[in-house]
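Reading the structure
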Amino acid sequence: MAPGTACPALPALLALIGALLPGLGGAQTSVHPPEAIIPRGGSVQVNCSTSCDQRSILGLETQLTKKEVAHGANWKVFELSDVQEDSHPICFANCQKQTMASMSLTVYWFPERVELLPLPRWQPVGENFTLRCRVAGGTPRDSLFVVLLRGEEELSRQPAPVEPAEVEVTVSVLAGRDNHLANFSCRTDLDLRPRGLGLFQNISAPRQLRTFVLPETQPCLGTPRIIEVGTQWAVNCTLDGLFPAAEAKVSLTLAEQKLPSTSLYSKDSVLATANVKANAAQEGTQELACVVTLGEQDRIWKEDVTLYSFPPPSLTLSEPEVSEGTVVTVECEAQAGVVVSLSGLPPGHPAPRAQFQLNASAADHRRSFSCSAALDVAGHLLHKNQTQELRVLYGPRLDQRDCPGNWTWKEGSQQTLRCQAWGNPAPELKCHRKGDDALLPIGDLRPVKREVAGTYLCQAQSPRGVVTREVVLNVTYDQNNMVIIILVAVFVTFGALSGAAYLYNRQRKIQKYRLQKAQEAAAMKLNTPATPP
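Described below are features of the structure shown in this document. Predicted, not measured: the structure shown is a model, and the values here were computed from it.

Looking at the pairing of strand E12 (residues 128-136)
As judged from the four bridges shared by strand E10 (residues 113-116) and E12, these two strands associate in the antiparallel manner. Residue pairing in the sheet places leucine 116 in a bridge with cysteine 133 of E12. One ladder, built from nine bridges, connects E12 with strand E15 (residues 166-174); its direction is antiparallel. In the strand pairing of E15, leucine 131 is matched with valine 171.

A closer look at the pattern of salt bridges
Counted according to the given criterion, the structure contains 29 salt bridges. Among the ionic pairs, glutamate 115 bridges to arginine 207, the shortest N-O distance being 3.8 Å. Here arginine 207 lies in strand E18 (residues 207-209) and glutamate 115 lies in strand E10, a separation of 92 residues in the sequence. Judged by its relative accessible area of 28%, glutamate 115 falls in the partly exposed class. Its relative accessible area of 27% is what places arginine 207 among the partly exposed residues. A salt bridge links glutamate 168 to arginine 132; its shortest N-O distance comes to 3.3 Å. Of this pair, glutamate 168 sits in strand E15 while arginine 132 sits in strand E12, placing them 36 residues apart in sequence.

A look at the state of the cysteines
Taken as a whole, this structure holds seven disulfides when the rule is applied. Between the sulfur of cysteine 332 and that of cysteine 371 lies a disulfide, 1.5 Å long from S to S. Taken as a pair, cysteine 332 in strand E31 (residues 327-333) and cysteine 371 in strand E34 (residues 367-377) lie far apart in primary sequence, 39 residues in all. Exposure remark for cysteine 332: the relative accessible area of 0% places this residue in the buried category. Lacking any disulfide linkage, cysteine 220 is separated from the closest cysteine sulfur, that of cysteine 237, by 7.6 Å. Here cysteine 220 falls in the partly exposed class, since its relative accessible area comes to 47%.

What counts as what
- Residues numbered from 1 in each chain as written.
- Predicted model: local features only at pLDDT ≥ 70, side-chain atom pairs only at ≥ 80, totals over all residues.
- Heavy atoms only, no water.
- Pairing = 2+ DSSP bridges.
- Helix = DSSP H or I, 4+ residues; strand = E, 2+ residues; numbered from the N terminus.
- Salt bridge = Lys/Arg side-chain N within 4 Å of Asp/Glu carboxyl O.
- Buried < 20%, exposed > 50% of the residue type's maximum accessible area, 1.4 Å probe, protein only.
- Disulfide = S-S within 2.5 Å.

Written out as structure tokens, the structure is:
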């Protein structure tokens, strides 16, 4: 029998019998308590009594397990035990007439299971998801409520349906960024406070929700389009507008082989980088892919890269160091498919090989030869160069351009004698004056003296020979300089003496004039007569 359901057949039958039997006056049957609520499996005592003053039959009609625990002249107490469901026991009394009274016995019990069904592993932000709470058991249903929670916040409160015994209550929730890592749960509230008991709550285990934002835009893949085999290059992949960015996973692959990479996260973006070194087995066009995964969804971008092999050309000289007059062969060669050009050789038919010969001279010493190779890779023309230097051995050289044969300098001026000898190996150069074998300083800046004038014999010597050259050094100077100096001194002295004599005679005349005036004044005083008293 379902919980909360009573069998109405027996009470109705007893009521009909009581109505048909004759009885006395107004005798009444009563029951206490008229209503009771107990936990499932509990017990309760029921007092049946009658107002009949004659001997009567008093009893309790119920399908529950009962036991009489006390009695009196017109009352009995019964104990009902192991009550599993709602019931309506009936007290009856036969006192010439049958009377009866029924009570309401309600059983309560907590739900046997309260469970929040699993949430999506990842929920897109801006889309609705459903919380489902499954409740098994629990009565009375008119006092049972199902509450869906986010943390401590109530999202929904609904009365539990009466049937069936196991029910499922749902609520739709809009996913937001604030729901990420939020805990959701469901709770049952059995509210028996209106019946004098308390509020009984059962709560499910919490479940955590993860929300995400993965934009529809594709990742941005940064890489060179052409890469030389054996070189290392950087690949990076970035995607913006992610939430939570730190949960995004990035995979970089080349030719379907995963590349070791590192990821850097900012507020709403991820940047993955990988350093790649391709091998010869990967030469050709390969697919480079970037996959960004978040919330069990992927964003993929692929690009083709071309891996090529392009070794530098081989530039050779038949002999890197030769004597003057030797024939030298210059040759440049590259791999098939490469076009080479060789300096010193006019442009010709494109080919991977070029060469020419030359008769080495002193002018070719330290001459640089260059070979340029060109390769077309996926529409890009690439170049590689190789250079070689030729060394020519030749004897010393002394010529007019580098060692002039005649120098004229003015005495006292600052001058540098420049005389350069050429040759390979470099010759040793010395200049000695004819006659006294005095050494002429070369390359030093110093004041010119008349003593260095003369004819010098400059000799350049190396293991490959000796050459000489005559160099004349003239020093000019002015021989009348001393006479001019003496005359200037005489003129200065004469001028000084003349000036002194002029000043002396002038002072003498002034003194003589003043003396004469004084004598005349004295004579005038002597010739003047005295004034009578």
